[in-house]
Amino acid sequence: MEVELSTVRARSPHPPDEPAVTPGTTTVEDAKRTEYIESKPAEGSQSSHAPAATFIASTPAMRRKARIQFATLCWSLFMAGWNDGTTGPLLPRIQSVYHVGFAVVSLIFVFNCVGFVTGAGVNVWLTDRFGFGIVMVIGSFAQVIGYALEAPAPPFPAFVLGYAINGFGLSLQDAGANGFVASLKENAATKMGILHAIYGVGALSSPLVATQFAQLNRWSFHYLVSLGIALSNTLLLIVVFRFKDQNTCLAEIGQATIHDGEDNNDSSKYKQMFTLRSLHLMAFFILIYVGVEVTLGGWIVTYVIQLRGGGPSSGYISSGFFGGLTLGRVGLLWVNQKIGERRAIFLYGLIAVGLELVIWLVPSLIGGGIAVSFVGVLLGPIYPIVMNHASRVLPPWLLTGSIGWIAGFGQAGSALLPFITGALASRVGIKSLQPLLVSMMGFMLFLWALVPNNPRRVD
């Protein structure tokens, strides 16, 4: 039986070997070894109107549960990375099989975008109605449906419909995983970096497999591999989170939620979220960032084949980019802490622009491939830094929904910029790729300069 602190305080006198319990101290219930910490505002203080909160301290069992939950979310982000890294190596084969040009094949990205934006728009409503655990499973099952549609290489309209369903599922999972990790109180910044490094591992792995399938008659069977990973992701989410809401899952790992008394109905949440200037700036920043990332990873293979004389193995350059992305998200954590995360984005962005100019202006296959990998290293830390920044400047009661919107709306960039690239390539050739990327990276840094560095009051 769990013992409330107020009950324990009422017992007097205390046993000789048990210290007196006063506000701010802990009690331990022997059967479950669960600690309770009571927090009360000081009398007469300005914060005396705030409600007292009881936090459940961590135990070994809770820490083990927390590691399992985090590993499961990492697997969901691995699936997202796998999906994003798949398209680039398969793009030339898709064009040849369906006999479509750059503009038409770019509809893959457009339909993916439709799915992502739809998921971002309904994420808050779905999460409030059904809870974190159910929404994550809905998202993973949508991916299963999407890959099942793509695997038999159906007619092109059905093929791109699979990308739309897939995008919807990825948007829900991306929002849920980022919101959950951003809500953690212990090592959230490091865990965010690791979470997105695992995304990079998925994006690194899939081009290695997709490049091989692109040279086979049954090229679309690559999506059967993706289907198997998506099924394992669905099963893990069901077993670990058991359809529970986020507050319940956090309580299971020793982190209680403070309720701030805000009006949390759906219409109020949407109204409060969309009056936040910082939310929109970060959402547009992530839109450009994700667009640059997916455009570079997706179109660089075509660019190298057509302009640098690359062969069928050029798909491995895409793997090099996503491998750099993975390395940067973990290997540059110490740099982020040393110079500050806000300054780090400016530094990484400026160096990445310089490397893009090298890829653009120096006609070297090997040099360009190496530069692409280093661009991946520099772009890698940016996404988790923005998510960490969001957790500092956005209201806690709006954090999960806001991060979901940032992630989902931002993923529209994974369709918008690749589609613009395809449209330009159909008119002036794939040589338009590098000027577009350089200009978008510059615009990305301009947006970051506008993002507030401190929390703003919500009216």
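Residues numbered from 1 in each chain as written. Predicted model: local features only at pLDDT ≥ 70, side-chain atom pairs only at ≥ 80, totals over all residues. Heavy atoms only, no water.

Draft legend 1. Main features of the overall build of the chain. Helix and strand counts for the chain stand at 19 helices and 3 strands. A fraction of 80% describes how many contacts in the chain between residues 6 or more apart in sequence connect residues 24 or more apart. Accessible area of the chain: about 19,500 Å², with a carbon and sulfur share of 65%. (Helix = DSSP H or I, 4+ residues; strand = E, 2+ residues; numbered from the N terminus. Contact = heavy atoms within 4.5 Å. Areas by Shrake-Rupley, 256 points an atom, 1.4 Å probe, with all protein chains shown as cover.)

Draft legend 2. View of the packing of helix α2 (residues 60-98) against helix α11 (residues 277-307). Contact geometry of α2 with α11 gives a least axis separation of 8 Å together with a crossing angle of 20 degrees. In terms of their interaxial angle, α2 and α11 are classed as roughly parallel. Relative to α11, the crossing made by α2 is right-handed. Side by side, α2 and α11 meet where Asp84, Gly88, Leu91 and Pro92 of the first sit next to Val294, Gly297, Gly298, Trp299, Val301 and Thr302 of the second. (Axes fitted to C-alpha atoms, helices over the stretch in contact; angles between N-to-C directions. Parallel < 35°, antiparallel > 145°, perpendicular 65-115°, else oblique. Left-handed = near helix turned anticlockwise from the far one by under 90°.)

Draft legend 3. Highlighting a nonpolar patch on the surface. Taken together, Leu357, Val358, Trp360, Leu361 and Val362 make up a surface patch of nonpolar side chains, about 420 Å² in accessible area. Relative to the elements of secondary structure, Trp360 occurs in helix α14 (residues 341-361). The class of Trp360 is partly exposed, set by a relative accessible area of 34%. (Patch = residues over 30% accessible without salt bridge, like charges linked within 9 Å, V, L, I, M, F, W, Y side chains within 5 Å. Salt bridge = Lys/Arg side-chain N within 4 Å of Asp/Glu carboxyl O. Buried < 20%, exposed > 50% of the residue type's maximum accessible area, 1.4 Å probe, protein only.)

Draft legend 4. Main features of the packing of aromatic side chains. The final tally for this structure, using the stated rule, is 21 aromatic pairs. Taking 5.8 Å as the distance between ring centres and 80 degrees as the angle between the ring planes, the aromatic pair formed by Phe159 and Tyr223 counts as edge-to-face. One end of the pair, Phe159, is in helix α6 (residues 156-182); the other, Tyr223, is in helix α8 (residues 222-241), and 64 residues separate them in sequence. Exposure remark for Tyr223: the relative accessible area of 1% places this residue in the buried category. (Phe/Tyr/Trp six-rings, centres within 6.5 Å; stacked < 30°, edge-to-face > 60°.)

Draft legend 5. Region of interest: empty space enclosed by the protein. A full pass over the atoms with the stated rule returns 6 cavities of 30 Å³ or more. What lines the largest cavity is a set of 14 residues, and nearest its centre among them are Asp84, Asp174, Tyr199, Tyr383 and Gln411. At the level of secondary structure, the elements contributing two or more residues to the lining of the largest cavity comprise α2, α6, α7 (188-213) and α11. Taken together, the residues of the lining of the largest cavity sort by class into 8 nonpolar, 2 polar and 4 charged. In this structure, the second largest cavity spans a volume of roughly 70 Å³. Taken together, Asn83, Asp84, Thr87, Ile108, Phe109, Asn112, Tyr163, Val294 and Ser414 make up the lining of the second largest cavity. Breaking the lining of the second largest cavity down by element, the ones donating at least two residues are α2 and α4 (107-130). A breakdown of the residues in the lining of the second largest cavity according to their chemical character gives 4 nonpolar, 4 polar and 1 charged. (1 Å grid on protein atoms, 1.4 Å probe; cavity = no way out; pocket = protein on both sides within 12 Å on 5 of 7 lines; lining within 4 Å. Points joined across faces, edges and corners; volume = space filled by probe spheres on them. Nonpolar A, V, L, I, M, F, W, Y, C, P; charged D, E, K, R; others polar.)

Draft legend 6. Region of the structure containing the packing of α6 against α8. Remark: α6 packs on α8, axes separated minimally by 14 Å, with the N-to-C direction vectors making an angle of 35 degrees. The two elements α6 and α8 meet at a crossing, and its hand is left-handed. Listed contacts from α8 to Phe159, Tyr163, Gln173 and Phe180 of α6 are Tyr223, Asn233, Leu237 and Phe241.

Draft legend 7. How the structure looks around the nonpolar core. In terms of nonpolar packing, the biggest core is built from 125 residues, with Ile94 and Leu379 touching the most fellow members. It is α11 that provides the largest number of residues to this core, a total of 18 residues. Once residues lying within four places of it in the same chain are set aside, the contact partners of Leu379 are Tyr289, Val292, Phe321, Leu325, Ala352, Met441 and Met444. (Core = buried A, V, L, I, M, F, W, Y, C linked by side-chain atoms within 4.5 Å.)

Draft legend 8. How the structure looks around the pattern of salt bridges. Evaluated as defined, the whole model comprises 4 salt bridges. A salt bridge links Glu252 to Lys65; its shortest N-O distance comes to 3.9 Å. Of this pair, Glu252 sits in helix α9 (residues 246-252) while Lys65 sits in helix α2, and the two are 187 residues apart along the sequence. A relative accessible area of 24% means that Lys65 is categorised as partly exposed. The salt bridge involving Glu293 is made with Arg329; its shortest N-O contact spans 3.6 Å. Remark: Arg329 occurs in helix α12 (residues 315-331) and Glu293 occurs in helix α11; sequence separation between them is 36 residues. In terms of burial, Glu293 and Arg329 fall into one category: buried.

Draft legend 9. Local environment of the side chain of Thr295. Residue placement: Thr295 occurs in helix α11. The class of Thr295 is buried, set by a relative accessible area of 0%. In terms of polar contacts, Thr295 uses its side chain to reach the backbone carbonyl oxygen of Gly291, at 2.5 Å. Apart from the residues lying within four places of it in its own chain, the contact partners of Thr295 are Ile300, Leu417, Pro418, Thr421, Leu433 and Leu437. (Polar contact = N/O pair within 3.5 Å; in protein donor to acceptor, adjacent residues only side chain to side chain.)

Draft legend 10. Local environment of the environment of Ala423. Mapped onto the elements of the fold, Ala423 is located in helix α18 (residues 413-428). The spacing of Ala423 and Val105 is 318 residues in sequence and 9.7 Å in space, taken between C-alpha atoms.

Draft legend 11. Highlighting α11. With 31 residues, α11 ought to run about 45 Å at 1.5 Å a step, and its terminal C-alpha atoms sit 42 Å apart, in line with that. The largest bend in α11 comes to about 45 degrees, at Trp299. In terms of burial, α11 is largely enclosed, as 25 of its 31 residues are buried. Just downstream of α11 lies Gly309, where phi reads positive at about 70 degrees. (Expected span 1.5 Å × (residues − 1). Bend = angle between axes of the 7 residues up to and from the residue.)

Draft legend 12. Highlighting the environment of Ile138. On the secondary structure map, Ile138 appears in helix α5 (residues 132-150). Counting along the chain gives 32 residues from Ile138 to Leu170, while the straight-line C-alpha distance between them is 9.9 Å.

Draft legend 13. Quick peek at unusual backbone geometry. Positive phi outside glycine occurs at His99, with the angle close to 55 degrees. With respect to the helices and strands, the residue His99 is situated in the loop between α2 and α3 (102-105). Look at Arg242: it is not a glycine, yet its phi comes out positive at around 50 degrees. Looking at the element boundaries, Arg242 is found in the loop between α8 and α9.

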